[in-house]
Amino acid sequence: MRVCYLLGHPVSHSMSAVMQNAAFKELDLDYVYKLRDVKPDELGECVNCLLREPQVRGANVTIPHKVSIIEFLDELDGDASIIGAVNTIVNKDGHLTGYNTDVTGVKRALGEKYGDLAGAKTVMIGAGGAAKAIGYHLSSSCKKLRILNRTPKRAAKLAEYLSGLAECSATVSASPLSRGNMAEALEDADILVNATPVGMIPGIDETPVDSDLLRPGLVVFDAVYNPLRTRLIREAEEAGATTVTGLSMLVYQGAEVFGLWTGRDAPENLMARAASEALGGAAR
Ligand SMILES: NC(=O)c1ccc[n+]([C@@H]2O[C@H](COP(=O)([O-])OP(=O)(O)OC[C@H]3O[C@@H](n4cnc5c(N)ncnc54)[C@H](OP(=O)(O)O)[C@@H]3O)[C@@H](O)[C@H]2O)c1
């Protein structure tokens, strides 16, 4: 049996385990996905003693190890190396390669609703880990990216980083998160992205954008997937906007992980159903 782990601290609840185990079962693969709580000071030993074992196919990596794990790996794939964060590891004969599948996740999730992003004007709220992966995709495929963040310095730092990448095709700017800046930024925007946890359980009554700023013609993508339909997604639908849920990104990033580990096409609909059921309903 091949084993895949989720390394994190804590790891009590995982949609990846639900999706990957359902997919392994569906394709009758002799694989199992297990959760492994690893404290920061145990990470190096865990990588060197556990992940290189022949029966271990790889791992997903979550908070707080996505950046600190890099020093223990042998190689980084392109997106992981640019973003400086790893969410997936593949073990091939003891050689460990780190990947970041969030980029594929957002690319496919947004792409299926919006199509080609060239020429698109985008507004992204947030400047943390998810914002870095999402911002990388947006800055390398859109015309304009405006980053709004509660801590303005962090937005400015991310904008500077993305602007400096060779792949950057967009004019990237940063502003403090405020109603005025949001209203102005959304005036000519095509796409709005929430890359903050605002609206996530338990704060399900919160939203990062006032509903009167939402309108038809706007594509609204919320990275939050728990709840499946956030207040932002509900209000965007009510305003006539097109919506993209966090579940889509989650499933597409997980499908890439499945492919990296097994070499097989992921049963995406089944993975979406498994995650959706675990989260309490349908939303994709
Ligand atoms: N769908 C998917 O596949 C997927 C993948 C990754 C992440 N996510 C989701 O994306 C969300 C963000 O995750 P992350 O890893 O990027 O978190 P993170 O690294 O902790 O970053 C959080 C960001 O949100 C901002 N923020 C936090 N609380 C806020 C508030 N009350 N008001 C305004 N801004 C606030 C922070 O602003 P400051 O800089 O001011 O602190 C920061 O920019 C989470 O809900 C996560 O579950 C989804």
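The structure this text deals with has already been given above.
Model, not experiment: these values are computed from the prediction. (Residues numbered from 1 in each chain as written. Predicted model: local features only at pLDDT ≥ 70, side-chain atom pairs only at ≥ 80, totals over all residues. Heavy atoms only, no water.)

S.K.: Pulling in residues and values, what's your account of the overall build of the protein?
M.R.: Scanning the protein from terminus to terminus reveals 10 helices and 12 strands. Since a compact globule built from 284 residues should have a radius of gyration of about 19 Å, the 19 Å found for the protein is in line with a globular shape. Considering only C-alpha atoms, the protein reaches an extent of 55 × 40 × 35 Å along its principal axes. Across the 284 residues in the protein, those meeting the buried criterion constitute 52%. Of the accessible surface of the protein, which amounts to about 12,600 Å², a share of 49% is contributed by carbon and sulfur atoms. (Helix = DSSP H or I, 4+ residues; strand = E, 2+ residues; numbered from the N terminus. Rg over C-alpha atoms; globule rule 2.2 N^0.38 Å. Buried < 20%, exposed > 50% of the residue type's maximum accessible area, 1.4 Å probe, protein only. Areas by Shrake-Rupley, 256 points an atom, 1.4 Å probe, with all protein chains shown as cover.)

S.K.: I'd like a rundown of the side chain of glutamate 235, residues and numbers included.
M.R.: Mapped onto the secondary structure, glutamate 235 falls in helix 8 (residues 231–238). In terms of polar contacts, glutamate 235 uses its side chain to reach the side chain of arginine 231, at 2.8 Å. In this structure glutamate 235 touches Thr207, Val209, Ser211 and Leu214, once residues within four positions along its chain are discounted. (Polar contact = N/O pair within 3.5 Å; in protein donor to acceptor, adjacent residues only side chain to side chain. Contact = heavy atoms within 4.5 Å.)

S.K.: Break down the packing of helix 9 (residues 246–262) against helix 10 (residues 268–278) for me, with residues and values.
M.R.: Packing of helix 9 against helix 10 leaves a shortest axis separation of 10 Å and a crossing angle of 130°. In terms of orientation, helix 9 lies oblique with respect to helix 10. Between helix 9 and helix 10 the crossing geometry is right-handed. Each of Leu247, Val251, Tyr252, Gly254, Ala255 and Phe258 in helix 9 lies in contact with helix 10, whose residues at this interface are Glu268, Met271, Ala272, Ala275 and Ser276. Considering only residue class, the contact of helix 9 with helix 10 consists of eight nonpolar, two polar and one charged. (Axes fitted to C-alpha atoms, helices over the stretch in contact; angles between N-to-C directions. Parallel < 35°, antiparallel > 145°, perpendicular 65-115°, else oblique. Left-handed = near helix turned anticlockwise from the far one by under 90°. Nonpolar A, V, L, I, M, F, W, Y, C, P; charged D, E, K, R; others polar.)

S.K.: Report on the state of the cysteines, specifying residues and quantitative values.
M.R.: Summed over the entire model, instances satisfying the criterion amount to zero disulfides. Unpaired in this structure, cysteine 4 has its nearest cysteine sulfur neighbour in cysteine 46, at a distance of 13 Å. No disulfide involves cysteine 142; its sulfur sits 9.9 Å from the nearest other cysteine sulfur, which is in cysteine 168. Its relative accessible area of 3% is what places cysteine 142 among the buried residues. (Disulfide = S-S within 2.5 Å.)

S.K.: Which residues make up the sheet that holds strand 3 (residues 56–61), and what values go with them?
M.R.: The strand order across the open sheet formed by six strands is 2-1-3-5-6-4, and the pairing between neighbours is mixed. Looking at which strands have only one partner, the edges of the open sheet turn out to be strand 2 (31–37) and strand 4 (75–76). As paired strands, strand 4 and strand 6 (residues 95–99) are joined by two bridges and run parallel to one another. When the bridges of strand 6 are listed, glutamate 75 appears paired with threonine 97. (Pairing = 2+ DSSP bridges.)

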